[in-house]
Amino acid sequence: MSPRPNRRTVVFGLLILFTVGMGAVATDQASASYLRGRHYYSGWSYQPRSSYYYSYYYYKPYSSYSGYKHHYCVYYPTRTRYVYYYNPVRRVYWGRYDLKEKGYSLLAEKDRKEKLDDIPEDAFPEPGKMPEIPDSEDGERMLPIDPSSLPSTEDPKDAPK
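Read on for an overview of the structure. The model shown is predicted, which means the values in this text are computed figures rather than measured ones. (Residues numbered from 1 in each chain as written. Predicted model: local features only at pLDDT ≥ 70, side-chain atom pairs only at ≥ 80, totals over all residues. Heavy atoms only, no water.)

So, the environment of Gly43
Within the secondary structure, Gly43 sits in the loop between strand S1 (39-41) and strand S2 (45-47). Here Gly43 falls in the exposed class, since its relative accessible area comes to 51%. On a C-alpha basis, the gap between Gly43 and Pro151 in space is 9.1 Å, while along the polypeptide they are 108 residues apart. Gly43 has contacts with Tyr54 and Ser55, leaving out every residue within four places of it along the chain. (Helix = DSSP H or I, 4+ residues; strand = E, 2+ residues; numbered from the N terminus. Buried < 20%, exposed > 50% of the residue type's maximum accessible area, 1.4 Å probe, protein only. Contact = heavy atoms within 4.5 Å.)

This is how it looks when you write it as structure tokens:
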């Protein structure tokens, strides 16, 4: 018969298991945060009433910011060359990503509007670098949208006629 461990040994063993377990959880959370990083895009959803797709652009204004803020990316099946960026707090479109030119057009403050149809085409400057992450002060630029993530704008072949 093997001797029974004393209470001190059991407590010490449980403490080690708890510490190792918490370290694994912290490592998993840290790597999940690292994988998402400071900014990332969500998947796409469809808004049938207005006939557009939208995605969230999640970002941290600074690395140690707790949680994420977001803006919307809007993709219209009738305007497949561009992905438009919308600020939900100010309720304005503030720029667009040109999928053909692979560059961003940042609107001047005076040209930012709630409705895309209220922004004249010539208000969008030539596409260039991605803008800085919103509300940031360190100069880090936003990630461009991945064109391969965009939803298909073609009707499925098996769609009812």
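Section: the side chain of Arg96
Note that Arg96 resides in strand S6 (residues 92-98). Within polar-contact distance, the side chain of Arg96 engages the side chain of Glu121 at 2.6 Å. Dropping the residues within four chain positions of it, Arg96 is found in contact with Tyr82, Val83, Tyr84, Tyr85, Gly103, Tyr104, Ser105, Glu121 and Phe124. (Polar contact = N/O pair within 3.5 Å; in protein donor to acceptor, adjacent residues only side chain to side chain.)

Observations regarding the pattern of salt bridges
For the structure on display, the rule yields 11 salt bridges. The residue Glu140 makes a salt bridge to Arg38 at a minimum N-O spacing of 3.0 Å. Taken together, the positions of Glu140 in the segment after strand S7 (103-106) and Arg38 in the loop between helix H1 (7-36) and S1 put the pair 102 residues apart, joining distant regions of the chain. For Glu140, a relative accessible area of 33% gives the class partly exposed. Arg38 sits in the buried class, given a relative accessible area of 9%. Its salt-bridge partner being Asp98, residue Arg81 comes within 3.0 Å of it at the nearest N-O pair. In this pair, Arg81 sits in the loop between strand S4 (69-75) and strand S5 (82-87) while Asp98 sits in strand S6, placing the two residues 17 residues apart along the sequence. Under the relative-accessibility criterion, Asp98 is labelled buried at 4%. If you follow the salt bridges from partner to partner, you end up with Arg38, Asp138 and Glu140 in one network. (Salt bridge = Lys/Arg side-chain N within 4 Å of Asp/Glu carboxyl O.)

All quantities given are derived from atomic positions and should not be read as evidence of function.
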